[in-house]
Amino acid sequence: MNIEKIIDDTKAYFCIECGICTGSCPISRIDSNFSPRLMVENLLLGEEDDVIRSKKLWSCLTCKACSSRCPASVDFNQFIMRSRIEAKLLGENGTCTHAGTLKAMMELQTTEFFRKSKEWIPENFKVTDRGKFYYFVGCLPFFNIIFKDINVKSIDIAVSALKIFNFFGIEPVISENERCCGHDHYWIGEFDVFKTLAEYNLKTINNSGAEVVFFTCPEGYNMFKEVYPLYFGKLDFECVYLPNFVNEKLRDGDFSFLETEDKVTYQDPCRLGRFMGIYEEPRNLIQNIPGIVFKDMPRNRANSLCCGSSNWINCTSVNKLIQVERLKEAENTGAETLITGCPKCEIHLNCALFDRDNNYNIRIKDITTLIAEKLGGK
Amino acid sequence: MNKKDPEIIIFACEWTPYIGADNAGVEMQQYSPFVRIIRVICTGQITPSNILTAFKNGADGVMIAGCEEGDCHYIVGNEKCIKVVEETKQLLKFSGIEPERLEIKLFTEVDGSTFASIVNKFVMKIRKMGKVQTEVSS
(Lines give C-alpha, C1' and ligand atoms only; values in the text may rest on other atoms or scores of the structure.)
Protein backbone atom coordinates (compact mmCIF):
# COMPACT_ATOMS: atom_id res chain seq x y z
CA MET A 1 0.00 0.00 0.00
CA ASN A 2 1.07 3.55 -0.65
CA ILE A 3 0.39 4.72 2.89
CA GLU A 4 3.84 6.21 3.25
CA LYS A 5 3.39 8.13 0.05
CA ILE A 6 0.09 9.55 1.30
CA ILE A 7 1.79 10.71 4.48
CA ASP A 8 4.68 12.22 2.50
CA ASP A 9 2.51 13.99 -0.06
CA THR A 10 0.04 15.49 2.38
CA LYS A 11 2.74 16.35 4.96
CA ALA A 12 0.72 14.47 7.57
CA TYR A 13 3.92 13.92 9.56
CA PHE A 14 3.83 17.60 10.50
CA CYS A 15 0.66 16.99 12.54
CA ILE A 16 1.10 18.46 16.03
CA GLU A 17 -2.06 16.82 17.42
CA CYS A 18 -3.61 20.15 18.31
CA GLY A 19 -7.09 19.04 17.29
CA ILE A 20 -8.02 22.26 15.51
CA CYS A 21 -9.17 20.12 12.58
CA THR A 22 -11.62 18.16 14.70
CA GLY A 23 -12.77 21.36 16.37
CA SER A 24 -13.41 22.96 12.97
CA CYS A 25 -15.02 19.96 11.31
CA PRO A 26 -18.78 20.40 10.78
CA ILE A 27 -19.27 16.62 10.98
CA SER A 28 -17.33 16.21 14.25
CA ARG A 29 -19.52 18.80 15.93
CA ILE A 30 -22.49 16.50 15.53
CA ASP A 31 -20.96 13.04 15.20
CA SER A 32 -18.26 12.77 17.86
CA ASN A 33 -17.03 9.48 16.37
CA PHE A 34 -15.68 11.32 13.37
CA SER A 35 -12.30 12.89 14.03
CA PRO A 36 -9.88 14.13 11.37
CA ARG A 37 -7.12 14.29 13.98
CA LEU A 38 -7.53 10.63 14.91
CA MET A 39 -7.58 9.62 11.27
CA VAL A 40 -4.23 11.31 10.65
CA GLU A 41 -2.82 9.92 13.89
CA ASN A 42 -3.97 6.38 13.15
CA LEU A 43 -2.35 6.45 9.76
CA LEU A 44 0.87 7.83 11.22
CA LEU A 45 0.90 5.11 13.89
CA GLY A 46 0.51 2.44 11.22
CA GLU A 47 -3.03 1.46 12.09
CA GLU A 48 -4.15 1.76 8.51
CA ASP A 49 -7.20 -0.42 8.81
CA ASP A 50 -8.76 2.05 11.24
CA VAL A 51 -8.69 4.63 8.49
CA ILE A 52 -8.88 2.79 5.19
CA ARG A 53 -11.39 0.15 6.23
CA SER A 54 -13.49 2.55 8.22
CA LYS A 55 -16.88 3.78 7.05
CA LYS A 56 -15.98 7.18 8.52
CA LEU A 57 -13.55 7.77 5.69
CA TRP A 58 -16.52 8.39 3.38
CA SER A 59 -18.24 10.88 5.70
CA CYS A 60 -15.72 13.67 5.12
CA LEU A 61 -17.25 16.60 3.22
CA THR A 62 -13.86 17.68 1.81
CA CYS A 63 -14.97 21.22 2.70
CA LYS A 64 -11.41 22.25 3.69
CA ALA A 65 -12.53 23.80 6.98
CA CYS A 66 -9.82 21.74 8.72
CA SER A 67 -6.84 22.21 6.42
CA SER A 68 -7.48 25.93 5.98
CA ARG A 69 -6.99 26.34 9.74
CA CYS A 70 -4.31 23.70 10.29
CA PRO A 71 -1.21 25.35 11.89
CA ALA A 72 1.00 22.59 10.44
CA SER A 73 -0.48 22.88 6.92
CA VAL A 74 -1.49 19.24 6.68
CA ASP A 75 -3.52 18.82 3.49
CA PHE A 76 -6.40 16.83 4.96
CA ASN A 77 -8.45 16.98 1.77
CA GLN A 78 -5.75 15.27 -0.24
CA PHE A 79 -5.26 12.90 2.65
CA ILE A 80 -8.90 11.83 2.46
CA MET A 81 -8.90 11.65 -1.32
CA ARG A 82 -5.77 9.51 -1.48
CA SER A 83 -6.97 7.27 1.34
CA ARG A 84 -10.21 6.76 -0.56
CA ILE A 85 -8.24 5.61 -3.62
CA GLU A 86 -6.54 3.02 -1.41
CA ALA A 87 -9.88 2.03 0.12
CA LYS A 88 -11.41 1.56 -3.33
CA LEU A 89 -8.62 -0.88 -4.17
CA LEU A 90 -9.65 -2.93 -1.14
CA GLY A 91 -13.26 -2.90 -2.26
CA GLU A 92 -14.49 -0.38 0.27
CA ASN A 93 -17.10 2.10 -0.84
CA GLY A 94 -19.20 4.96 0.42
CA THR A 95 -22.97 4.84 0.36
CA CYS A 96 -24.23 6.62 -2.72
CA THR A 97 -27.03 9.10 -2.18
CA HIS A 98 -30.10 9.18 -4.43
CA ALA A 99 -29.69 5.44 -5.01
CA GLY A 100 -26.54 6.06 -7.03
CA THR A 101 -28.41 7.84 -9.82
CA LEU A 102 -25.99 10.76 -10.00
CA LYS A 103 -22.95 8.53 -9.91
CA ALA A 104 -24.39 6.31 -12.64
CA MET A 105 -25.27 9.39 -14.68
CA MET A 106 -21.68 10.63 -14.48
CA GLU A 107 -20.30 7.23 -15.34
CA LEU A 108 -22.61 7.05 -18.36
CA GLN A 109 -20.76 10.11 -19.60
CA THR A 110 -17.54 8.12 -19.92
CA THR A 111 -19.08 6.31 -22.91
CA GLU A 112 -18.36 7.46 -26.43
CA PHE A 113 -22.00 7.72 -27.52
CA PHE A 114 -22.96 10.17 -24.80
CA ARG A 115 -24.39 13.45 -26.14
CA LYS A 116 -25.52 16.21 -23.84
CA SER A 117 -28.81 17.41 -25.27
CA LYS A 118 -29.19 21.13 -25.96
CA GLU A 119 -32.95 20.91 -25.58
CA TRP A 120 -32.97 23.07 -22.46
CA ILE A 121 -31.83 26.17 -24.39
CA PRO A 122 -34.82 28.50 -24.91
CA GLU A 123 -35.35 29.56 -28.51
CA ASN A 124 -34.71 33.28 -28.15
CA PHE A 125 -31.12 32.88 -26.89
CA LYS A 126 -28.11 33.03 -29.16
CA VAL A 127 -25.51 30.28 -28.88
CA THR A 128 -22.92 29.03 -31.36
CA ASP A 129 -20.89 25.90 -32.08
CA ARG A 130 -17.47 27.49 -32.46
CA GLY A 131 -16.10 30.65 -30.97
CA LYS A 132 -13.95 32.42 -28.47
CA PHE A 133 -16.23 32.08 -25.46
CA TYR A 134 -17.27 28.70 -24.11
CA TYR A 135 -19.90 28.11 -21.46
CA PHE A 136 -19.39 24.95 -19.40
CA VAL A 137 -22.92 23.88 -18.45
CA GLY A 138 -21.88 20.87 -16.39
CA CYS A 139 -24.51 18.76 -14.68
CA LEU A 140 -27.27 21.39 -14.51
CA PRO A 141 -29.68 19.74 -17.01
CA PHE A 142 -29.52 16.46 -15.07
CA PHE A 143 -29.90 18.06 -11.67
CA ASN A 144 -33.01 19.70 -13.04
CA ILE A 145 -34.58 16.32 -13.76
CA ILE A 146 -33.40 14.48 -10.66
CA PHE A 147 -34.23 17.22 -8.13
CA LYS A 148 -37.51 18.51 -9.49
CA ASP A 149 -39.35 16.90 -6.58
CA ILE A 150 -37.62 19.21 -4.08
CA ASN A 151 -38.49 22.29 -6.16
CA VAL A 152 -34.98 22.91 -7.40
CA LYS A 153 -34.79 24.19 -10.94
CA SER A 154 -31.08 23.98 -11.59
CA ILE A 155 -31.53 24.70 -15.27
CA ASP A 156 -32.58 28.25 -14.32
CA ILE A 157 -28.92 28.88 -13.54
CA ALA A 158 -27.86 27.88 -17.05
CA VAL A 159 -30.66 29.89 -18.68
CA SER A 160 -29.72 32.89 -16.52
CA ALA A 161 -26.11 32.50 -17.63
CA LEU A 162 -27.25 32.63 -21.27
CA LYS A 163 -29.22 35.74 -20.49
CA ILE A 164 -26.12 37.36 -19.00
CA PHE A 165 -23.98 36.36 -22.00
CA ASN A 166 -26.47 37.72 -24.49
CA PHE A 167 -26.84 40.91 -22.44
CA PHE A 168 -23.12 41.57 -22.83
CA GLY A 169 -23.26 40.65 -26.52
CA ILE A 170 -21.52 37.31 -26.14
CA GLU A 171 -22.64 34.24 -28.07
CA PRO A 172 -21.29 31.38 -25.98
CA VAL A 173 -20.32 27.99 -27.36
CA ILE A 174 -22.38 25.16 -25.90
CA SER A 175 -21.24 21.73 -26.90
CA GLU A 176 -23.03 18.40 -27.06
CA ASN A 177 -19.77 16.56 -26.46
CA GLU A 178 -19.17 18.15 -23.09
CA ARG A 179 -19.01 15.82 -20.11
CA CYS A 180 -19.24 16.14 -16.35
CA CYS A 181 -16.14 17.82 -14.92
CA GLY A 182 -15.28 14.69 -12.89
CA HIS A 183 -15.31 16.52 -9.56
CA ASP A 184 -17.24 13.89 -7.63
CA HIS A 185 -15.29 10.95 -8.95
CA TYR A 186 -12.04 12.75 -8.21
CA TRP A 187 -12.96 13.25 -4.57
CA ILE A 188 -14.39 9.78 -4.00
CA GLY A 189 -11.20 8.23 -5.31
CA GLU A 190 -12.35 6.94 -8.69
CA PHE A 191 -9.47 8.36 -10.57
CA ASP A 192 -10.00 6.53 -13.88
CA VAL A 193 -13.48 7.93 -14.36
CA PHE A 194 -12.25 11.43 -13.54
CA LYS A 195 -9.44 11.15 -16.07
CA THR A 196 -11.70 9.89 -18.86
CA LEU A 197 -14.20 12.69 -18.29
CA ALA A 198 -11.46 15.32 -18.14
CA GLU A 199 -9.90 14.11 -21.39
CA TYR A 200 -13.24 14.34 -23.18
CA ASN A 201 -13.78 17.85 -21.83
CA LEU A 202 -10.38 19.15 -22.80
CA LYS A 203 -10.74 17.67 -26.30
CA THR A 204 -14.18 19.27 -26.71
CA ILE A 205 -13.10 22.69 -25.51
CA ASN A 206 -9.90 22.71 -27.55
CA ASN A 207 -11.84 21.66 -30.67
CA SER A 208 -14.30 24.51 -30.19
CA GLY A 209 -11.49 27.05 -30.46
CA ALA A 210 -12.40 28.62 -27.13
CA GLU A 211 -10.08 31.06 -25.41
CA VAL A 212 -12.21 31.77 -22.36
CA VAL A 213 -14.33 29.18 -20.56
CA PHE A 214 -17.08 30.41 -18.26
CA PHE A 215 -18.42 28.52 -15.26
CA THR A 216 -21.47 28.96 -13.11
CA CYS A 217 -20.55 26.03 -10.88
CA PRO A 218 -17.63 26.50 -8.46
CA GLU A 219 -16.87 22.79 -8.55
CA GLY A 220 -16.25 22.77 -12.28
CA TYR A 221 -14.33 26.02 -11.96
CA ASN A 222 -12.13 24.59 -9.24
CA MET A 223 -11.52 21.38 -11.21
CA PHE A 224 -10.51 23.22 -14.39
CA LYS A 225 -8.47 25.86 -12.66
CA GLU A 226 -6.61 23.83 -10.05
CA VAL A 227 -6.95 20.10 -10.66
CA TYR A 228 -6.81 19.66 -14.45
CA PRO A 229 -3.44 21.48 -14.76
CA LEU A 230 -1.97 19.02 -12.24
CA TYR A 231 -2.70 16.09 -14.52
CA PHE A 232 -2.86 17.54 -18.03
CA GLY A 233 -0.40 20.43 -17.90
CA LYS A 234 -1.22 24.06 -18.54
CA LEU A 235 -4.60 24.55 -20.19
CA ASP A 236 -4.87 26.40 -23.50
CA PHE A 237 -7.73 28.56 -22.30
CA GLU A 238 -8.63 30.88 -19.47
CA CYS A 239 -11.19 29.85 -16.83
CA VAL A 240 -13.59 32.47 -15.49
CA TYR A 241 -16.30 32.20 -12.86
CA LEU A 242 -19.25 34.01 -14.45
CA PRO A 243 -20.19 36.27 -11.46
CA ASN A 244 -16.53 37.39 -11.37
CA PHE A 245 -16.82 38.41 -15.00
CA VAL A 246 -20.02 40.35 -14.25
CA ASN A 247 -18.26 41.98 -11.30
CA GLU A 248 -15.51 43.25 -13.59
CA LYS A 249 -18.10 44.65 -15.98
CA LEU A 250 -19.79 46.36 -13.04
CA ARG A 251 -16.49 47.89 -11.93
CA ASP A 252 -15.97 49.25 -15.44
CA GLY A 253 -19.42 50.80 -15.22
CA ASP A 254 -20.75 48.90 -18.25
CA PHE A 255 -24.24 48.42 -16.84
CA SER A 256 -26.40 48.96 -13.80
CA PHE A 257 -28.71 46.80 -11.73
CA LEU A 258 -32.48 47.22 -11.46
CA GLU A 259 -33.93 48.34 -8.20
CA THR A 260 -35.43 45.65 -6.01
CA GLU A 261 -36.47 45.01 -2.45
CA ASP A 262 -35.05 42.07 -0.59
CA LYS A 263 -33.13 41.08 2.51
CA VAL A 264 -30.38 38.67 1.65
CA THR A 265 -27.45 36.81 3.09
CA TYR A 266 -24.73 34.88 1.33
CA GLN A 267 -23.49 31.30 1.70
CA ASP A 268 -19.86 30.80 0.67
CA PRO A 269 -19.56 27.53 -1.25
CA CYS A 270 -16.46 25.68 -0.10
CA ARG A 271 -15.10 25.22 -3.64
CA LEU A 272 -15.40 28.93 -4.33
CA GLY A 273 -14.36 30.28 -0.96
CA ARG A 274 -11.81 28.15 0.81
CA PHE A 275 -10.59 26.46 -2.38
CA MET A 276 -10.39 29.42 -4.75
CA GLY A 277 -10.36 32.37 -2.35
CA ILE A 278 -13.28 34.16 -4.02
CA TYR A 279 -15.13 35.87 -1.16
CA GLU A 280 -15.57 39.51 -2.04
CA GLU A 281 -16.70 39.47 -5.68
CA PRO A 282 -20.12 37.87 -5.08
CA ARG A 283 -20.67 40.09 -2.03
CA ASN A 284 -19.75 43.16 -4.05
CA LEU A 285 -22.27 42.19 -6.72
CA ILE A 286 -25.08 41.63 -4.23
CA GLN A 287 -24.39 44.86 -2.39
CA ASN A 288 -24.42 46.81 -5.65
CA ILE A 289 -28.01 45.85 -6.39
CA PRO A 290 -29.99 48.91 -5.25
CA GLY A 291 -32.58 48.21 -2.58
CA ILE A 292 -31.03 44.99 -1.34
CA VAL A 293 -30.27 44.79 2.37
CA PHE A 294 -27.27 42.53 2.78
CA LYS A 295 -26.21 40.99 6.06
CA ASP A 296 -23.50 38.37 6.50
CA MET A 297 -24.07 35.33 8.65
CA PRO A 298 -21.90 35.10 11.80
CA ARG A 299 -19.83 32.38 10.19
CA ASN A 300 -18.78 33.81 6.85
CA ARG A 301 -15.96 33.79 4.33
CA ALA A 302 -13.24 31.27 5.32
CA ASN A 303 -15.19 30.31 8.45
CA SER A 304 -18.31 29.55 6.47
CA LEU A 305 -20.20 26.35 7.21
CA CYS A 306 -20.47 23.76 4.46
CA CYS A 307 -23.89 23.12 2.93
CA GLY A 308 -23.72 19.71 4.52
CA SER A 309 -23.03 17.26 1.78
CA SER A 310 -20.76 16.77 -1.18
CA ASN A 311 -19.73 14.20 -3.78
CA TRP A 312 -23.12 12.47 -3.48
CA ILE A 313 -21.99 10.02 -0.83
CA ASN A 314 -22.88 9.37 2.79
CA CYS A 315 -25.75 11.76 3.34
CA THR A 316 -27.00 10.96 6.82
CA SER A 317 -28.88 12.66 9.65
CA VAL A 318 -25.56 14.34 10.51
CA ASN A 319 -25.55 16.13 7.15
CA LYS A 320 -29.18 17.08 7.57
CA LEU A 321 -28.41 18.65 10.96
CA ILE A 322 -25.59 20.70 9.45
CA GLN A 323 -28.00 22.01 6.83
CA VAL A 324 -30.65 22.83 9.43
CA GLU A 325 -28.02 24.64 11.49
CA ARG A 326 -27.00 26.69 8.48
CA LEU A 327 -30.57 27.55 7.54
CA LYS A 328 -31.32 28.72 11.07
CA GLU A 329 -28.17 30.82 11.03
CA ALA A 330 -29.29 32.38 7.76
CA GLU A 331 -32.77 33.04 9.09
CA ASN A 332 -31.43 34.68 12.24
CA THR A 333 -29.80 37.38 10.13
CA GLY A 334 -33.31 38.48 9.19
CA ALA A 335 -32.77 37.54 5.56
CA GLU A 336 -35.57 36.40 3.29
CA THR A 337 -33.30 35.01 0.60
CA LEU A 338 -30.14 32.98 0.98
CA ILE A 339 -27.87 33.56 -1.98
CA THR A 340 -25.34 30.89 -2.83
CA GLY A 341 -22.83 30.47 -5.59
CA CYS A 342 -23.06 26.73 -6.10
CA PRO A 343 -25.86 24.61 -7.60
CA LYS A 344 -25.13 21.87 -5.08
CA CYS A 345 -25.54 24.22 -2.11
CA GLU A 346 -28.88 25.18 -3.62
CA ILE A 347 -29.95 21.54 -3.86
CA HIS A 348 -28.78 20.54 -0.39
CA LEU A 349 -30.22 23.53 1.43
CA ASN A 350 -33.49 23.22 -0.46
CA CYS A 351 -33.64 19.59 0.61
CA ALA A 352 -33.31 20.70 4.24
CA LEU A 353 -36.19 23.15 3.76
CA PHE A 354 -38.41 20.06 3.69
CA ASP A 355 -37.61 19.46 7.34
CA ARG A 356 -41.05 19.15 8.90
CA ASP A 357 -40.01 20.23 12.41
CA ASN A 358 -39.20 23.77 11.38
CA ASN A 359 -41.00 26.24 9.23
CA TYR A 360 -38.48 28.33 7.40
CA ASN A 361 -39.27 31.67 5.89
CA ILE A 362 -36.29 31.66 3.61
CA ARG A 363 -35.70 30.94 -0.06
CA ILE A 364 -32.50 29.72 -1.67
CA LYS A 365 -31.30 31.38 -4.83
CA ASP A 366 -28.24 31.07 -6.98
CA ILE A 367 -26.17 34.19 -7.54
CA THR A 368 -26.24 33.78 -11.33
CA THR A 369 -30.04 33.71 -11.27
CA LEU A 370 -30.08 36.81 -9.07
CA ILE A 371 -27.76 38.71 -11.41
CA ALA A 372 -29.76 37.74 -14.50
CA GLU A 373 -33.02 38.83 -12.88
CA LYS A 374 -31.68 42.23 -11.91
CA LEU A 375 -29.68 43.13 -15.01
CA GLY A 376 -30.57 46.65 -15.95
CA GLY A 377 -29.74 49.07 -18.74
CA LYS A 378 -26.28 49.60 -20.14
CA MET B 1 -22.87 -13.64 -31.52
CA ASN B 2 -22.91 -11.13 -34.34
CA LYS B 3 -21.67 -7.62 -33.64
CA LYS B 4 -24.91 -6.21 -34.99
CA ASP B 5 -27.03 -8.22 -32.59
CA PRO B 6 -28.67 -6.12 -29.93
CA GLU B 7 -28.00 -6.69 -26.27
CA ILE B 8 -31.11 -6.37 -24.19
CA ILE B 9 -31.55 -6.45 -20.46
CA ILE B 10 -34.85 -7.39 -18.88
CA PHE B 11 -35.44 -6.66 -15.23
CA ALA B 12 -38.21 -9.08 -14.34
CA CYS B 13 -40.21 -9.01 -11.14
CA GLU B 14 -40.23 -12.45 -9.61
CA TRP B 15 -43.97 -12.45 -8.91
CA THR B 16 -45.53 -12.41 -12.39
CA PRO B 17 -43.14 -11.84 -15.31
CA TYR B 18 -40.39 -14.08 -14.00
CA ILE B 19 -42.86 -16.92 -13.57
CA GLY B 20 -43.90 -16.16 -17.13
CA ALA B 21 -40.28 -16.50 -18.23
CA ASP B 22 -40.06 -19.76 -16.32
CA ASN B 23 -43.22 -21.04 -17.96
CA ALA B 24 -41.91 -20.01 -21.36
CA GLY B 25 -39.13 -22.50 -20.77
CA VAL B 26 -41.47 -25.22 -19.59
CA GLU B 27 -43.83 -24.63 -22.52
CA MET B 28 -40.84 -24.60 -24.88
CA GLN B 29 -41.80 -21.21 -26.24
CA GLN B 30 -39.21 -19.68 -28.53
CA TYR B 31 -38.07 -16.15 -27.81
CA SER B 32 -35.19 -13.97 -28.82
CA PRO B 33 -31.78 -15.14 -27.62
CA PHE B 34 -30.50 -11.56 -27.25
CA VAL B 35 -32.21 -10.90 -23.95
CA ARG B 36 -30.68 -11.34 -20.54
CA ILE B 37 -33.17 -11.61 -17.75
CA ILE B 38 -32.31 -10.26 -14.33
CA ARG B 39 -34.68 -11.33 -11.61
CA VAL B 40 -35.66 -8.67 -9.08
CA ILE B 41 -37.81 -9.11 -6.02
CA CYS B 42 -40.06 -6.26 -7.08
CA THR B 43 -39.77 -3.63 -9.79
CA GLY B 44 -39.92 -1.10 -6.95
CA GLN B 45 -36.31 -1.90 -6.12
CA ILE B 46 -35.06 -0.80 -9.54
CA THR B 47 -33.35 2.58 -9.41
CA PRO B 48 -32.34 4.89 -12.27
CA SER B 49 -28.75 3.90 -11.59
CA ASN B 50 -29.48 0.26 -12.48
CA ILE B 51 -30.89 1.28 -15.84
CA LEU B 52 -28.20 3.86 -16.57
CA THR B 53 -25.47 1.38 -15.68
CA ALA B 54 -27.00 -1.15 -18.09
CA PHE B 55 -26.77 1.39 -20.91
CA LYS B 56 -23.27 2.38 -19.87
CA ASN B 57 -22.15 -1.23 -20.07
CA GLY B 58 -23.41 -1.60 -23.62
CA ALA B 59 -27.09 -2.50 -23.41
CA ASP B 60 -29.13 -1.40 -26.43
CA GLY B 61 -32.46 -1.72 -24.75
CA VAL B 62 -33.79 -2.20 -21.25
CA MET B 63 -37.21 -3.64 -20.54
CA ILE B 64 -38.71 -3.63 -17.11
CA ALA B 65 -41.26 -6.36 -16.57
CA GLY B 66 -43.55 -5.75 -13.65
CA CYS B 67 -46.90 -6.83 -12.35
CA GLU B 68 -50.19 -5.22 -13.22
CA GLU B 69 -51.14 -2.05 -11.39
CA GLY B 70 -52.94 -2.84 -8.17
CA ASP B 71 -51.51 -6.34 -8.29
CA CYS B 72 -48.11 -5.62 -6.74
CA HIS B 73 -47.13 -8.05 -4.01
CA TYR B 74 -45.56 -5.12 -2.17
CA ILE B 75 -48.57 -2.86 -2.78
CA VAL B 76 -46.99 0.08 -4.68
CA GLY B 77 -43.70 -1.26 -6.06
CA ASN B 78 -44.77 -1.09 -9.69
CA GLU B 79 -46.26 2.39 -9.32
CA LYS B 80 -42.96 3.55 -7.89
CA CYS B 81 -41.16 1.95 -10.80
CA ILE B 82 -43.34 3.75 -13.35
CA LYS B 83 -42.16 7.04 -11.85
CA VAL B 84 -38.54 5.88 -11.89
CA VAL B 85 -38.84 4.91 -15.55
CA GLU B 86 -40.35 8.27 -16.41
CA GLU B 87 -37.48 10.10 -14.73
CA THR B 88 -34.88 7.84 -16.30
CA LYS B 89 -36.37 8.39 -19.75
CA GLN B 90 -35.81 12.11 -19.31
CA LEU B 91 -32.23 11.47 -18.22
CA LEU B 92 -31.67 9.25 -21.26
CA LYS B 93 -33.09 11.92 -23.54
CA PHE B 94 -30.51 14.35 -22.18
CA SER B 95 -27.73 11.79 -22.72
CA GLY B 96 -28.22 11.13 -26.40
CA ILE B 97 -30.00 7.79 -25.95
CA GLU B 98 -33.52 7.51 -27.34
CA PRO B 99 -35.98 7.16 -24.45
CA GLU B 100 -37.82 4.50 -26.46
CA ARG B 101 -34.99 2.12 -25.67
CA LEU B 102 -36.36 1.88 -22.17
CA GLU B 103 -39.77 0.39 -21.66
CA ILE B 104 -41.89 -0.79 -18.79
CA LYS B 105 -44.35 -3.61 -19.42
CA LEU B 106 -46.87 -4.69 -16.84
CA PHE B 107 -47.78 -8.36 -17.02
CA THR B 108 -51.17 -9.71 -16.13
CA GLU B 109 -50.67 -13.36 -17.01
CA VAL B 110 -48.03 -15.89 -16.11
CA ASP B 111 -48.20 -18.01 -19.25
CA GLY B 112 -45.09 -18.47 -21.32
CA SER B 113 -46.54 -17.45 -24.68
CA THR B 114 -47.46 -13.95 -23.42
CA PHE B 115 -43.97 -13.46 -22.06
CA ALA B 116 -42.37 -14.71 -25.26
CA SER B 117 -44.49 -12.51 -27.53
CA ILE B 118 -43.92 -9.34 -25.48
CA VAL B 119 -40.18 -9.97 -25.38
CA ASN B 120 -40.06 -10.67 -29.11
CA LYS B 121 -41.93 -7.48 -29.86
CA PHE B 122 -39.50 -5.44 -27.77
CA VAL B 123 -36.48 -7.08 -29.37
CA MET B 124 -37.89 -6.36 -32.84
CA LYS B 125 -38.28 -2.72 -31.91
CA ILE B 126 -34.72 -2.45 -30.63
CA ARG B 127 -33.38 -4.29 -33.72
CA LYS B 128 -35.03 -1.70 -35.93
CA MET B 129 -33.44 1.11 -33.90
CA GLY B 130 -30.01 -0.51 -34.14
CA LYS B 131 -27.13 -0.41 -31.68
CA VAL B 132 -26.66 2.61 -29.43
CA GLN B 133 -23.06 2.99 -30.54
CA THR B 134 -23.91 3.14 -34.27
CA GLU B 135 -25.25 6.64 -33.73
CA VAL B 136 -21.70 7.85 -33.18
CA SER B 137 -20.51 7.01 -36.69
CA SER B 138 -23.64 8.23 -38.42
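Computed from a predicted model, the values in this text were never measured in an experiment.

Visitor: Outline the layout of surface pockets, listing residues and values.
Guide: Looking at the largest pocket, its volume works out to about 480 Å³. For the largest pocket, the lining is made up of 24 residues, of which H98, I146, F147 and D149 of chain A together with E87 of chain B are closest to its centre. Listed by contribution, the elements that provide at least two residues to the lining of the largest pocket are α16 (317-332) and α17 (343-352) of chain A together with α3 (77-93) of chain B. In terms of residue count, α3 of chain B provides more of the lining of the largest pocket than any other element does, four residues in total. Class assignment for the residues of the lining of the largest pocket results in eleven nonpolar, seven polar and six charged. Counting residues domain by domain, the lining of the largest pocket receives three or more from each of domain 2 (98-246) and domain 3 (253-374) of chain A.

Visitor: Outline the sheet that holds strand β1 (residues 133-136) of chain A, supporting the account with residue identities and numerical values.
Guide: All names here are of chain A. Spatially, three strands are ordered β1-β2-β3 in an open sheet, and the strand pairing comes out parallel. At either margin of the open sheet sits one strand with a lone partner, and together these are β1 and β3 (238-241). Going from strand to strand, the sheet's axes swing by 30° on average, the running direction of each strand aside. As defined by bridge partners, strand β2 (residues 212-215) adjoins β3 across four bridges and the pair is classed as parallel. By the bridge assignment, V213 is partnered in β3 with C239. Sheet strands in contact with helix α12 (residues 218-232) are β1, β2 and β3, and its direction is about 155° off that of β3. Lying on the sheet, helix α13 (residues 242-251) is in contact with β2 and β3; it crosses β3 at an angle near 80°.

Visitor: Describe the packing of helix α9 (residues 155-167) of chain A against helix α18 (residues 367-374) of chain A, with residues and values.
Guide: For any two helices packed against each other, the geometry comes down to the angle between their axes and how far apart the axes lie. All names here are of chain A. At their nearest, the axes of α9 and α18 sit 8 Å apart, and the two run at 45° to each other. The orientation of α9 relative to α18 falls into the category oblique. The chirality of how α9 crosses α18 is left-handed. Contact residues: α9 offers I157, S160, A161, K163 and I164, while α18 offers T368, T369, I371, A372 and E373. Taken together, the residues of the contact of α9 with α18 break down into five nonpolar, three polar and two charged.

Visitor: How would you sum up the packing of aromatic side chains? Please name residues and give values.
Guide: All names here are of chain A. Applying the stated criterion across every chain, the model contains 35 aromatic pairs over all chains. Taking the centre distance of 5.5 Å and the plane angle of 45° together, the rings of F136 and F215 count as tilted. Remark: F215 occurs in strand β2 and F136 occurs in strand β1; sequence separation between them is 79 residues. In terms of burial, F136 and F215 fall into one category: buried. For the pair F224 and F237, a centre-to-centre distance of 6.2 Å together with 50° between the ring planes defines the contact as tilted. Placement of F224 in helix α12 and of F237 in the loop between α12 and β3 is noted, with a sequence separation of 13 residues between them.

Visitor: Summarise the interface of chain B and chain A; cite the residues concerned and give the values.
Guide: Between chain B and chain A, the contact holds 18 residues from the first and 22 residues from the second. Summing the contributions of chain B and of chain A, the shared interface buries around 1800 Å²; its carbon and sulfur component is 70%. One can count one salt bridge joining chain B with chain A. For K93 of chain B, the salt bridge identified is with E119 of chain A, shortest N-O distance 3.5 Å. Ranked by residues supplied to the side of chain B that touches chain A, first place goes to helix α2 (residues 48-56) of chain B with six residues.

What counts, and at which threshold
Residues numbered from 1 in each chain as written. Chains lettered and ligands numbered in written order. Predicted model: local features only at pLDDT ≥ 70, side-chain atom pairs only at ≥ 80, totals over all residues. Heavy atoms only, no water. 1 Å grid on protein atoms, 1.4 Å probe; cavity = no way out; pocket = protein on both sides within 12 Å on 5 of 7 lines; lining within 4 Å. Points joined across faces, edges and corners; volume = space filled by probe spheres on them. Helix = DSSP H or I, 4+ residues; strand = E, 2+ residues; numbered from the N terminus. Nonpolar A, V, L, I, M, F, W, Y, C, P; charged D, E, K, R; others polar. Domains from an automatic or database assignment. Pairing = 2+ DSSP bridges. Axes fitted to C-alpha atoms, helices over the stretch in contact; angles between N-to-C directions. Contact = heavy atoms within 4.5 Å. Parallel < 35°, antiparallel > 145°, perpendicular 65-115°, else oblique. Left-handed = near helix turned anticlockwise from the far one by under 90°. Phe/Tyr/Trp six-rings, centres within 6.5 Å; stacked < 30°, edge-to-face > 60°. Buried < 20%, exposed > 50% of the residue type's maximum accessible area, 1.4 Å probe, protein only. Buried area = accessible area lost by both parts, 1.4 Å probe. Salt bridge = Lys/Arg side-chain N within 4 Å of Asp/Glu carboxyl O.

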